[in-house]
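Examining the three-dimensional arrangement
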Amino acid sequence: MDILLPRTLDEALGLKSKHPEAIAFAGGTDLMVELNLGRRLPRMALDIYRLPELRQWYIQDGTLFLGAGMTYSRIIRELPEFTALAQASRSVGSPQIRNRGTIGGNLGTASPAGDALPVLAACDAEVVLARDGDRTRTLPWHRFLVGPKKTAIEPDELILGARWHVTRGPGSFSKVGRRNAMVIAIASLCLVLDEDRHAVRVALGSVGPTVLRAPEAEAFAADALAGAGAWGDPAAHVPPQVLEAFGERVAAAARPIDDIRGTAAYRRHACAVLARRALRWALEDRLPGPGGGGPASRGARC
Amino acid sequence: MLIRLKVNDEWRTADAGPGASLLHVLREQLGLLGTKNGCEQGECGSCSVWLDGELVCSCLVLAAQAHEREVRTVEALAGPDGLHPVQEAYLEAGAVQCGYCTPGLVVATADLLARNPSPSEAEVREALSGNLCRCTGYVKILGAVHLAAQRLRGRTA
């Protein structure tokens, strides 16, 4: 296996265009497992971990750009106010894995269980791709993630990062697994309240061929919160039946299968539970005072 | 391919085979057997080392990626005056049984205490969540971490 070690993004894009068969990798936490187990030995690999262009994040004109080389550890340290993203990052593997694993890797591997992916979906992220000659294009997450471990990336392209409009409002990521750490999700969910647009956005992981949104449940919840007067008044009472019905609608949007980690029926049930809880947390987080989540979560952003 | 890396403060050259991991180079090429090979999937943490100051599973680092980088292994912990306080604490607390997981756990513990000298129980458990031990049941290990934290705090106080 030849290993290409470019020092700049331009150099990397030139190499990728010349050697489209080269596997691009950053932290290598997915690729190395395959190499170690002898599952594959690519002829060529392109190390993009060192490229400074991919290791940055910034907010410009209300849009967050998250470089593909951002590790989960750095997200936890540097972007804690993006609560759901930080929570998802903290649930990835172990400290050792979080020090290496990157957002770009999660996108490139495109596992339905990729922990950051429901957050990107709930935030309506776009994936930024680049190819040689200063050409970039963006795809909305659902046109980039097209199936289990399948993306719409072209062989001569690299993932630059993801970006989305920053919105104000509480949000969370939660997942069901068999233990507390080092676990691949049986079901995962990201819920975000968009206080400015009066929208509820919810995305599911590990319960379909790729990450899924639940548009019908989202519209239901947004209307129900409007009906209860909750958008204008965080203290307004939202009846428990709303949470219950929201959970059921989210579960109905799942397309789970039976596999080694869980049955389809269990996964669907888990979606309902996660959705109900996430909406309750979000509503509680909006409340002022000791009952609420406090300034940190009230100021949360997606 | 030939790579050059700074291991425990000494520049070394190694011939990494195609697709070889940093773990493989450390053990087979450089003779540093303290770093253990447990699972080669990042699941057990026995191969934990520092790469440019960050704790990583060396089995999940392509050796070529360590080219011109700095690696610290468990061998760097003990000094001329003897064992590192974390190593002492593991011995005293009886946190070592078969010993296979010990280097990885010792390294993860030292990493935690360098960042957070007074970790809570939850923080200790999270910091060690990437390291598996199949003998101890973890109780003695958690005791060792708290003992080491106390000692290290006493030292700097």
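Treat the numbers as computed from the prediction; the structure is a model and nothing was measured.

Description of the state of the cysteines
- Following the criterion strictly, the structure yields one disulfide over all chains and no others.
- The side chain of Cys-123 of chain A participates in a disulfide bridge whose partner is Cys-302 of chain A; the two sulfur atoms lie 1.9 Å from each other. Taken as a pair, Cys-123 of chain A in the loop between α7 (117-122) and β6 (126-131) and Cys-302 of chain A in the segment after α12 (294-298) lie far apart in primary sequence, 179 residues in all.
- Accessibility expressed as a relative area gives 5% for Cys-123 of chain A, which makes it buried.
- Not part of a disulfide, Cys-101 of chain B finds its nearest cysteine sulfur in Cys-133 of chain B, a span of 3.7 Å.
- Look at Cys-101 of chain B and you get buried, because its relative accessible area is 10%.
- According to the relative accessible area criterion, Cys-133 of chain B is buried, its value standing at 4%.

A look at the side chain of Ser-129 of chain B
- By secondary structure assignment, the location of Ser-129 of chain B is in the loop between α4 (121-127) and α5 (139-156).
- The class of Ser-129 of chain B is buried, set by a relative accessible area of 11%.
- A polar contact is formed between the side chain of Ser-129 of chain B and the backbone oxygen of Glu-126 of chain B, at a distance of 2.7 Å.
- Once residues lying within four places of it in the same chain are set aside, the contact partners of Ser-129 of chain B are Ser-94, Pro-95, Arg-179, Ala-181 and Met-182 of chain A.

Digging into the interface of chain A and chain B
- Each partner contributes residues to the interface: chain A has 29 residues there, and chain B has 31 residues.
- Buried area between chain A and chain B, summed over both chains or domains, comes out near 2400 Å², and the portion from carbon and sulfur atoms is 54%.
- Across the contact surface, chain A and chain B share two salt bridges.
- A salt bridge links Glu-126 of chain B to Arg-98 of chain A; the nearest nitrogen and oxygen atoms lie 3.4 Å apart.
- Remark: the boundary between chain A and chain B carries 12 residue pairs in polar contact (both at pLDDT 80 or more).
- Along the lines of polarity and charge, the residues of the side of chain A that touches chain B split into 15 nonpolar, seven polar and seven charged.

Scoring rules and cut-offs
- Residues numbered from 1 in each chain as written.
- Chains lettered and ligands numbered in written order.
- Predicted model: local features only at pLDDT ≥ 70, side-chain atom pairs only at ≥ 80, totals over all residues.
- Heavy atoms only, no water.
- Disulfide = S-S within 2.5 Å.
- Helix = DSSP H or I, 4+ residues; strand = E, 2+ residues; numbered from the N terminus.
- Buried < 20%, exposed > 50% of the residue type's maximum accessible area, 1.4 Å probe, protein only.
- Polar contact = N/O pair within 3.5 Å; in protein donor to acceptor, adjacent residues only side chain to side chain.
- Contact = heavy atoms within 4.5 Å.
- Buried area = accessible area lost by both parts, 1.4 Å probe.
- Salt bridge = Lys/Arg side-chain N within 4 Å of Asp/Glu carboxyl O.
- Nonpolar A, V, L, I, M, F, W, Y, C, P; charged D, E, K, R; others polar.

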